[in-house]
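Spelled out, the chains give:
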Amino acid sequence: QVQLVESGGGLVQAGGSLRLSCAASGSIFSINAMAWYRQAPGQQRRSVAAITSGGSPNYADSVKGRFTISRDNAKNTVYLQMNSLKPEDTAVYYCYARVTTPDYYTMDYWGKGTLVTVSS
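Just so it is clear, the structure is predicted and the values come from calculations on it, not from any experiment. (Residues numbered from 1 in each chain as written. Predicted model: local features only at pLDDT ≥ 70, side-chain atom pairs only at ≥ 80, totals over all residues. Heavy atoms only, no water.)

Visitor: What is the right way to look at the overall build of the protein in this model?
Guide: A tally of regular secondary structure across the protein gives zero helices and 11 strands. Taken from the N to the C terminus, the helices and strands of the protein come in the order β-β-β-β-β-β-β-β-β-β-β. Its C-alpha radius of gyration of 14 Å places the protein within 12% of the 14 Å reference for a compact globule of 120 residues. Taken over the C-alpha atoms alone, the protein extends approximately 50 × 25 × 20 Å along its principal axes. Across the 120 residues that make up the protein, the buried fraction comes to 39%. Contacts in the protein between residues at least 24 apart in sequence constitute 55% of all its contacts with a sequence separation of at least 6. Counting every atom, the protein has about 6,500 Å² of accessible surface; 48% of that belongs to carbon and sulfur. (Helix = DSSP H or I, 4+ residues; strand = E, 2+ residues; numbered from the N terminus. Rg over C-alpha atoms; globule rule 2.2 N^0.38 Å. Buried < 20%, exposed > 50% of the residue type's maximum accessible area, 1.4 Å probe, protein only. Contact = heavy atoms within 4.5 Å. Areas by Shrake-Rupley, 256 points an atom, 1.4 Å probe, with all protein chains shown as cover.)

Visitor: Explain the side chain of T77 here, please?
Guide: Here T77 shows up in strand β8 (residues 77–82). Residue T77 is classed as buried on the basis of its relative accessible area, which comes to 8%. Within the structure, the side chain of T77 is placed 2.9 Å from the backbone oxygen of K75, a separation counted as a polar contact. Apart from the residues lying within four places of it in its own chain, the contact partners of T77 are C22, A23, M34, S70, R71 and D72. (Polar contact = N/O pair within 3.5 Å; in protein donor to acceptor, adjacent residues only side chain to side chain.)

Visitor: Just to check I follow, could you spell out the nonpolar core for this structure?
Guide: Nonpolar side chains in soluble globular proteins tend to be buried together. Ranked by internal contacts, the top residues of the largest apolar core, which has 31 residues, are W36, L80, M82 and Y93. Put simply, the parts of the chain that give this core at least two residues each are β1 (2–7), β3 (18–26), β4 (30–39), β5 (46–51), β7 (67–72), β8, β9 (91–100) and β11 (114–119). At five residues, the largest contribution of residues to this core is made by β9. (Core = buried A, V, L, I, M, F, W, Y, C linked by side-chain atoms within 4.5 Å.)

Visitor: Can you help me understand the sheet that holds β3 in this one?
Guide: Through backbone hydrogen bonds, the strands of a sheet pair up, either in parallel or in antiparallel fashion. Taken in spatial order, the four strands make up an open sheet running β1-β3-β8-β7, and their pairing is antiparallel. Either end of the sheet is taken by a strand with one partner, and the two such strands are β1 and β7. Between one strand axis and the next, the sheet turns by 15° as a mean value, whatever way the strands run. As judged from the six bridges shared by β1 and β3, these two strands associate in the antiparallel manner. (Pairing = 2+ DSSP bridges. Axes fitted to C-alpha atoms, helices over the stretch in contact; angles between N-to-C directions.)

In structure tokens form, the structure reads like this:
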């Protein structure tokens, strides 16, 4: 089994910054793509940013220029640096990882989410 544990959420004023972290642990041979998704109340879960195992990032248009995704492969950890936060960034943020296990199965895993609240 693989566990993803997010941290770093909280309450911040508009214009402020937060850094989310997500650490993967368990039966891991390698981690392929990692990503952050978010789900606001009454809305579907949507991709915010993704990063390949080689470090190539991809962002939703709504966060380009404000958010930065990065990863530390040695620590099986992905980060999301969020700057210039807006009230519309308020959501539960979920970590995602595509993991290859030691017996070479590739499976998708999700964290339980961390709440980010941006006040105006």
